[in-house]
Amino acid sequence: MLIDVILRSRPHPEQGFRSAIGILGLVERYGQERVDAACARALLLNARSYKSVAAILKNGTDRTAPPAKEAPILFHVNIRGRSYYN
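About the cut-offs
- Residues numbered from 1 in each chain as written.
- Predicted model: local features only at pLDDT ≥ 70, side-chain atom pairs only at ≥ 80, totals over all residues.
- Heavy atoms only, no water.
- Helix = DSSP H or I, 4+ residues; strand = E, 2+ residues; numbered from the N terminus.
- Expected span 1.5 Å × (residues − 1).
- Buried < 20%, exposed > 50% of the residue type's maximum accessible area, 1.4 Å probe, protein only.
- Arc of directions from axis to C-beta.
- Contact = heavy atoms within 4.5 Å.
- Polar contact = N/O pair within 3.5 Å; in protein donor to acceptor, adjacent residues only side chain to side chain.
- Salt bridge = Lys/Arg side-chain N within 4 Å of Asp/Glu carboxyl O.

1. A closer look at helix α2 (residues 17-30)
Argument step 1. Spanning 14 residues, α2 covers 20 Å between terminal C-alpha atoms, matching the ideal 20 Å at 1.5 Å per step.
Argument step 2. Of the positions making up α2, those classed as buried are S19, A20, I23 and L26. Along the axis of α2, the buried positions cluster into a sector of 110 degrees, meaning they face one direction only. Exposed and facing more than 90 degrees away from the buried side of α2 are R18, I21, L24, E28 and R29.
Argument step 3. Looking at the buried positions of α2, the neighbouring elements they touch are α1 (2-9), α3 (32-44) and α4 (50-59).
Argument step 4. G31 sits one or two positions beyond α2 and adopts a positive phi of about 95 degrees.

Spelled out as structure tokens, the structure:
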């Protein structure tokens, strides 16, 4: 999936070949499952490069839980809204 995103995000798909080949080469070193997890995490972080996937694998963040989504917006009578400042 990430490789497809990389190839589609470039003006010419050929520009993404090196990144794609590099990511596929990481499978030999880290294994298919870890590379898949790292690619999924890279997609969540909107990081579309070989360097990002390699860093995720090197740091082992593919084994941790994905980052939490943004905190919900709090509504309280004491919180000023956008209209207060505009």
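Moving on from the model shown.
2. A closer look at unusual backbone geometry
In terms of backbone geometry, most residues other than glycine have negative phi values and most peptide bonds are trans.
Argument step 1. Unusually for a residue other than glycine, N46 sits at a positive phi of about 60 degrees.
Argument step 2. Counting through the fold element by element, N46 comes out in the loop between α3 and α4.
Argument step 3. With a relative accessible area of 53%, N46 lands in the exposed category.

3. Some words on the side chain of D62
Argument step 1. Checked against the element boundaries, D62 lands in the loop between α4 and α5 (82-85).
Argument step 2. Among the polar contacts listed, one links the side chain of D62 to the side chain of R34, at a separation of 2.9 Å.
Argument step 3. Setting aside anything within four residues of it in sequence, one finds D62 in contact with R34, A37, A38, I56 and L57.

4. As for the pattern of salt bridges
Argument step 1. Within the structure shown, the criterion is met by two salt bridges.
Argument step 2. Ionic pairing is found between R8 and D4, a salt bridge with its closest N-O pair at 3.0 Å. Taken together, the residues R8 and D4, both in helix α1 and four residues apart, mark about one turn of the helix.
Argument step 3. Classification of R8 by relative accessible area gives exposed; the value is 67%.
Argument step 4. A salt bridge links D62 to R34; the nearest nitrogen and oxygen atoms lie 2.9 Å apart. Residue D62 is found in the loop between α4 and α5, and its partner R34 is found in helix α3; the two are separated by 28 residues along the sequence. The pair formed by D62 and R34 is uniform in burial state, with each residue classed as buried.

Keep in mind these values describe shape, not function.
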